[in-house]
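Structural characterization, general
Now for the letters of each chain:
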Amino acid sequence: MVDQIKTLDDYKKAYKNSIENPEDFWEKQADSFKWYKKWENVLDWNFEEPNIKWFEGGKLNITENCLDRHLETRGEKTALLWVSNEPDGEDKTFTYQELYQEVNKFANGLKSKGIKKGDRVVFYMPMVPELMIGMLACARIGAIHSIVFAGFSSQALADRVKDAQAKMIICSDYNKRGAKNIQVKSVVDNAIKMDCNSVETVVVHKNTGGDIEWNDKLDVFLTDLTDGVEEYCKPEVMDAEDPLFILYTSGSTGKPKGVVHTTGGYMIYTAYTFKNVFQYQEDDIYWCTADIGWITGHSYITYGPLLEGATTMMFEGIPTYPDAGRFWEIVEKYKVNQFYTAPTAIRALMAKGDKFVEKYDLSSLKVLGSVGEPINEEAWMWYFEKVGKRAIPIVDTWWQTETGGIMISPLPLITDMRPTFASYPLPGIQTILVDTEGNLIEDNNVEGLLCIKHPWPGILRTTWGDHNRCRQTYFSAFPELYFTGDAARRDEDGRYRIIGRVDDVLNVSGHRIGTAEVENAINETFGVVESAVVGYPHSIKGQGIYAFVITKGQINDEVEFKRLIESTVRTEIGPIAKPDIIQIVSGLPKTRSGKIMRRILRKIASGDMSNVGDISTLLNPEIVEEIKKKAPTM
Ligand code: WTA
């Protein structure tokens, strides 16, 4: 098992050691895992290409470390505790032994359909145990999983399937979420029709048993795949640098890109950060409320906890069903010790009033976590006072899909906390701030662009099928640095507070959405000439989506037209990208070279009308007044 920091002194020592001798530091953590063959080299890197290799030549299988390795000591311990959408539904538990058996069978099922090392398997599934079992089954045989959040549209799913050239899609029939019964298989059916020619098999998990269409050429039930297969599947021998998964994420330009994580480094980094940030102890019940379709679910529902032999909980439902007390009811029922959620959920529950949280006994809680977006002070205080009863530390964890694991976070009861500050970098993480020219800012009490200057084991290695895009996006802004896309403030004691994205990426309810993606979707609507999308402060979602749209000629029915735009965005991306506000305009503020001045639109969208700044360089300065006049008052 990896090291666990217990005191402030431990943290300081570990941090110093990890900076002075990063290779020794990580090698020691790597030594705590089971390897079939030891690595030849701890680290080989440059940020120019980039070329980053941790533990190259080392041979392992991550599922051996998540499962087999625990059987002797934790075989009867609960590995997965699954909580149903229905409060009176049947929850399920899997011991390490049981999870191991399920994964082995699933893995043999995949093999029976011709899936082998290096093949890509896309999952489009709700939060059911089969999703976790399936992703581990892929890892067992060396197939690369790519999980697509089950709220994305057919089009978005097809884009990802085609980019990854996936051989198989695994889905459910329907998805239960709150009071809704959502079609899943039909979304896959439509995606398949969009030239997903690489797909040979669609595996369907019978979740509700509802009616679905059936394609004899492609479709097979999961049970038919796993019934009667061999109980044991020998783990595939993987190199530390073999890809483990692809996860698509939005950037400031173009379509989402496939962030690639590899096996060895990701394993070490998620295990180390899980154990330290949550201070997990052997008998604790740990619950992360994220969806496995996002990186948080990959690293902190599945891999990190299982690597450390934890009991990890998985929740099928939503925080407000049947009412806003659901999270707390579950915490009380299962005596949850570590609870990890997103600020948007905290704000949504806060808005429903305190009575829901006051009804339940939350005394089992030891650590509260936050992730995905900046947590505002009001939400932080509510979390601290109402949920933690002023006695429990909050870990505001900053990280990204690309970082694989948590990068900046307090360590509970070890380092101090300051509301809204993600605080201190974890061991191994060399955070720096630079100005827009790339000059290092050494002082404290400053703001700057957040960069990392040395690789850590969990860093992305490439973007699938397009290495140059990886270099362009993360390693070209400033030489020899990984640029996060975030701005941050560093206080007088060296704590970091994340301000937010400085690129054209929105963070809506903790979901990353590229403005360009939403604009492209809006522009598909009949009657739209051009659009510009910006974020604005939203009391629950953190950021809302504000779209300025130029139309072809006069629109007769504005309400209907806006509805049409919304439905196009749903079709192209999914409901999470639906604009909150659509304003029809006759033009967009542009520079002489034709670039949209988003800075001005952002000001208008946030209601800061009097302060739009210099507009003298615009090609069409008169448009600003017109847009301001017609902007809806909020
Ligand atoms: C934002 C989610 C402030 C940030 C794990 C980052 C945060 C983006 C925090 C990555 C936090 C994440 N405080 N902002 N604690 N955590 N972010 O890839 O802008 O979905 O760049 O990864 O979310 O989002 P992603």
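Residues numbered from 1 in each chain as written. Predicted model: local features only at pLDDT ≥ 70, side-chain atom pairs only at ≥ 80, totals over all residues. Heavy atoms only, no water.

1. Thoughts on the sheet that holds strand β21 (residues 431–434)
Spatially, the 5 strands line up as an open sheet ordered β22-β21-β23-β25-β26, and their pairing is antiparallel. The open sheet is flanked by β22 (440–441) and β26 (496–501), the only strands paired with a single partner. In this sheet, β26 lies alongside strand β25 (residues 482–490) in antiparallel orientation, the contact comprising 5 bridges. The residue of β26 that forms the bridge with A488 is I498. (Pairing = 2+ DSSP bridges. Helix = DSSP H or I, 4+ residues; strand = E, 2+ residues; numbered from the N terminus.)

2. Description of the side chain of R461
When you line up the elements, R461 lands in the loop between β23 (446–452) and β24 (462–463). Using a relative accessible area of 8% as the deciding quantity, one classes R461 as buried. Side-chain polar atoms of R461 contact the side chain of E241, separated by 3.0 Å. Polar contacts involving the side chain of R461 include one to the main-chain carbonyl oxygen of P457, which spans 3.1 Å. Apart from the residues lying within four places of it in its own chain, the contact partners of R461 are I52, W54, E241, V260, T262, G265, H467 and C470. (Buried < 20%, exposed > 50% of the residue type's maximum accessible area, 1.4 Å probe, protein only. Polar contact = N/O pair within 3.5 Å; in protein donor to acceptor, adjacent residues only side chain to side chain. Contact = heavy atoms within 4.5 Å.)

3. Details of the site of the ligand
Among the 17 residues in the neighbourhood of the ligand, the closest are listed as D396, T397, T401, D486 and R512. In the model, a nitrogen atom of the ligand is placed 3.1 Å from a nitrogen or oxygen of the G372 main chain. In this structure, an oxygen atom belonging to the ligand sits 2.6 Å away from a side-chain N or O atom of T401. Here the ligand, which alone exposes 520 Å², has 96% of that area covered by the protein. Every element with two or more residues in the shell around the ligand is listed here: α11 (295–307), β20 (394–397) and β26. In terms of residue class, the shell around the ligand is built from 6 nonpolar, 6 polar and 5 charged. (Near = heavy atom within 4 Å. Areas by Shrake-Rupley, 256 points an atom, 1.4 Å probe, with all protein chains shown as cover. Nonpolar A, V, L, I, M, F, W, Y, C, P; charged D, E, K, R; others polar.)

4. Side note on the pattern of salt bridges
Side chains that differ in sign of charge can pair as their charged atoms come close. Counting across every chain of the model gives 42 salt bridges. Residue K13 pairs with D9 through a salt bridge whose shortest N-O separation is 3.4 Å. Here D9 and K13 lie together in helix α1 (residues 8–20), a separation of 4 residues that amounts to about one turn. With its nearest N and O atoms 2.7 Å apart, the salt bridge here joins D503 to R501. (Salt bridge = Lys/Arg side-chain N within 4 Å of Asp/Glu carboxyl O.)

5. What to know about the state of the cysteines
Overall, the coordinates contain 0 disulfides when judged by the stated rule. Here C196 is not disulfide-linked; the sulfur of C171 is the nearest cysteine sulfur, at 12 Å. Cysteine C233 remains unbridged, with the sulfur of C138 as its closest cysteine sulfur at 11 Å. A relative accessible area of 0% means that C233 is categorised as buried. (Disulfide = S-S within 2.5 Å.)

6. Focus on the environment of E378
By the secondary structure assignment, E378 is in helix α15 (residues 377–387). Look at E378 and you get exposed, because its relative accessible area is 56%. Separated by 28 residues in sequence, E378 and M350 have C-alpha atoms that sit 9.4 Å apart.

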